[in-house]
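What follows is the residue order along each chain.
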Amino acid sequence: MSLMAGDRHADRVVPPTGFTAQLTLFASGAMAFLAVFALALSLASGRLATRWGDELAQTATIRIVAPLDQRAIQTAAALQVLQTTPGVAGARALSDAEQQALLAPWFGEDLPLDSLPVPRLIEITSTQPGFDPTGLRLRLAAEVPGAVLDDHSRWRAPLVAAAQRLRLLGWGAALLILAAVAAMVTLAANAALAANSQVIHVLRLVGATDSYIAQAFVRRFTLRAFVGSAVGVAIGLLAVWLMPSGGDTPGFLTGLGFQGAGWLVPLLLPIISGAVALAATALAADRALRTIS
């Protein structure tokens, strides 16, 4: 409470303007702005990975690798197996046009499917609990020897791992930003203490204690960091809010932002920045006052 109330006489020890004030305000504001985007990227990557992982978990594919004269028979047999498989919500065989559209980016629009050994694809949609892939593979091996089940597990694992690393990078970037704020505030506080060494010497002569002098510096630089961070967070949130949205199918760029209670997370940055500035200034003032005679 005494830190916020302050002392107007003690506050005169710290210059209200000058490069130290501008440096502290600019550094805390810029770092808070960058921290907002680091947090937005971290949270958005987690949401997208969860969404994509859920979508891949609810879909699977069966490839019918069989001679042309057996392909239709085995496709029908595989569909019959899927109709009696618990956890399968629906299954359908892709048409020639759909398979040709899937292969067009690599082989062109006029790919002759009837003259190439292209397997027939069956798209599976599972229920929320899902099906047992091991049991389904055993049934297919017994009843449809040309069927190969792909449950997309090899695609989900790298996606989840990449999302976890992106989240860690986002939080790591936020911690580095706070460390940069602490370094900048420490440099600014040291500069202000050195510039006011003669004033500090006079205050000591008239009976001011070091804790009284240090409190003035701690209060001023803490408030500067808090105000600068608040401005930076406000600008950062506005910039994130103005980012384009991808609607129901957002990507990494169009999905960058906050959702629900996630908008409250950046609001903690000014408080954290103020706490970091308080600790950094207190340490800097303690060291500097020991050296000023």
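Preceding block: the structure.
Values in this document were obtained by computation on a predicted structure and should not be read as measured data. (Residues numbered from 1 in each chain as written. Predicted model: local features only at pLDDT ≥ 70, side-chain atom pairs only at ≥ 80, totals over all residues. Heavy atoms only, no water.)

K.L.:
For this particular structure, what's the right way to read the packing of helix α4 (residues 68-83) against helix α6 (residues 133-143)?
P.N.:
The geometry of a pair of packed helices is captured by two quantities: the angle between their axes and the separation between those axes. At their nearest, the axes of α4 and α6 sit 10 Å apart, and the two run at 145° to each other. Two packed elements cross with a definite hand, and for α4 against α6 that hand is right-handed. Contacts between α4 and α6 involve Ala78, Val81 and Leu82 from the first element and Leu136, Arg139, Leu140 and Glu143 from the second. Grouping the amino acids of the contact of α4 with α6 by side-chain chemistry returns five nonpolar, no polar and two charged. (Axes fitted to C-alpha atoms, helices over the stretch in contact; angles between N-to-C directions. Helix = DSSP H or I, 4+ residues; strand = E, 2+ residues; numbered from the N terminus. Left-handed = near helix turned anticlockwise from the far one by under 90°. Contact = heavy atoms within 4.5 Å. Nonpolar A, V, L, I, M, F, W, Y, C, P; charged D, E, K, R; others polar.)

K.L.:
Could you clarify how one ought to interpret the layout of surface pockets in this entry?
P.N.:
Using a probe with the size of a water molecule, rolled over the atoms, empty space left in the structure can be pinpointed. Within this model, the largest pocket holds a volume of roughly 350 Å³. Within the lining of the largest pocket, the residues separate by chemical class into seven nonpolar, three polar and three charged. (1 Å grid on protein atoms, 1.4 Å probe; cavity = no way out; pocket = protein on both sides within 12 Å on 5 of 7 lines; lining within 4 Å. Points joined across faces, edges and corners; volume = space filled by probe spheres on them.)

K.L.:
Can you walk me through empty space enclosed by the protein in this structure?
P.N.:
The full count for this structure, using the stated rule, is one cavity of 30 Å³ or more. When its volume is computed, the largest cavity comes out at roughly 40 Å³. Lining the largest cavity are Met31, Ala32, Ala35, Ala174, Ile177, Leu178, Val181, Leu269 and Ser273. For the lining of the largest cavity, the secondary structure elements donating two or more residues are α3 (19-57), α7 (153-195) and α10 (269-291). For the lining of the largest cavity, the element with the highest residue contribution is α7, accounting for four residues. For the lining of the largest cavity, a count of residues per class yields eight nonpolar, one polar and no charged.

K.L.:
Looking at this structure, how should I read the sheet that holds strand β3 (residues 120-126)?
P.N.:
The strands that make up a sheet are held in pairs by hydrogen bonds between backbone atoms, and each pair lies either parallel or antiparallel. If you trace the four strands from one edge of the open sheet to the other, you get β2-β3-β1-β4, paired in antiparallel fashion. Strands at the two margins of the open sheet, each flanked by one partner only, are β2 (88-93) and β4 (147-150). Each neighbouring strand pair of the sheet contributes to a mean axis angle of 20°, computed without reference to strand direction. Both strand β1 (residues 59-64) and β3 contribute to a ladder of six bridges, which runs antiparallel. Each bridged residue has a counterpart across the sheet, and for Arg63 the counterpart in β3 is Leu121. The strands that α4 touches are β1, β2, β3 and β4; relative to β3, the one it contacts most, it runs at about 10°. The strands that α6 touches are β1 and β4; relative to β4, the one it contacts most, it runs at about 170°. (Pairing = 2+ DSSP bridges.)

K.L.:
Mind showing me how you'd approach the pattern of salt bridges here?
P.N.:
Opposite charge on two side chains permits pairing when their charged atoms draw close. Under the criterion given, the structure shown has five salt bridges. Between Arg204 and Asp210 there is a salt bridge, with the nearest N and O atoms lying 2.9 Å from each other. Taking the relative accessible area as the measure of exposure, Arg204 reaches 24% and is therefore partly exposed. One salt bridge in this structure joins Asp286 and Arg290, with 3.1 Å as the shortest N-O distance. Of this pair, Asp286 and Arg290 both sit in helix α10, four residues apart, which is roughly one turn of that helix. Taken together, the shared-partner salt bridges in this structure form one network comprising Arg92, Glu98 and Glu123. (Salt bridge = Lys/Arg side-chain N within 4 Å of Asp/Glu carboxyl O. Buried < 20%, exposed > 50% of the residue type's maximum accessible area, 1.4 Å probe, protein only.)

K.L.:
Quick question: what am I supposed to make of a nonpolar patch on the surface here?
P.N.:
Judged by side-chain polarity, Leu25, Phe226, Val227, Val231, Ile235, Leu268, Ile271 and Ile272 come together as a nonpolar surface patch covering roughly 680 Å² of accessible area. At the level of elements, α9 (210-241) and α10 are the ones that each hand at least two residues to the nonpolar patch. Among the elements that line the nonpolar patch, the one with the most residues is α9, at four residues. Checked against the element boundaries, Ile271 lands in helix α10. (Patch = residues over 30% accessible without salt bridge, like charges linked within 9 Å, V, L, I, M, F, W, Y side chains within 5 Å. Areas by Shrake-Rupley, 256 points an atom, 1.4 Å probe, with all protein chains shown as cover.)

Read these as geometric descriptors, not functional statements.
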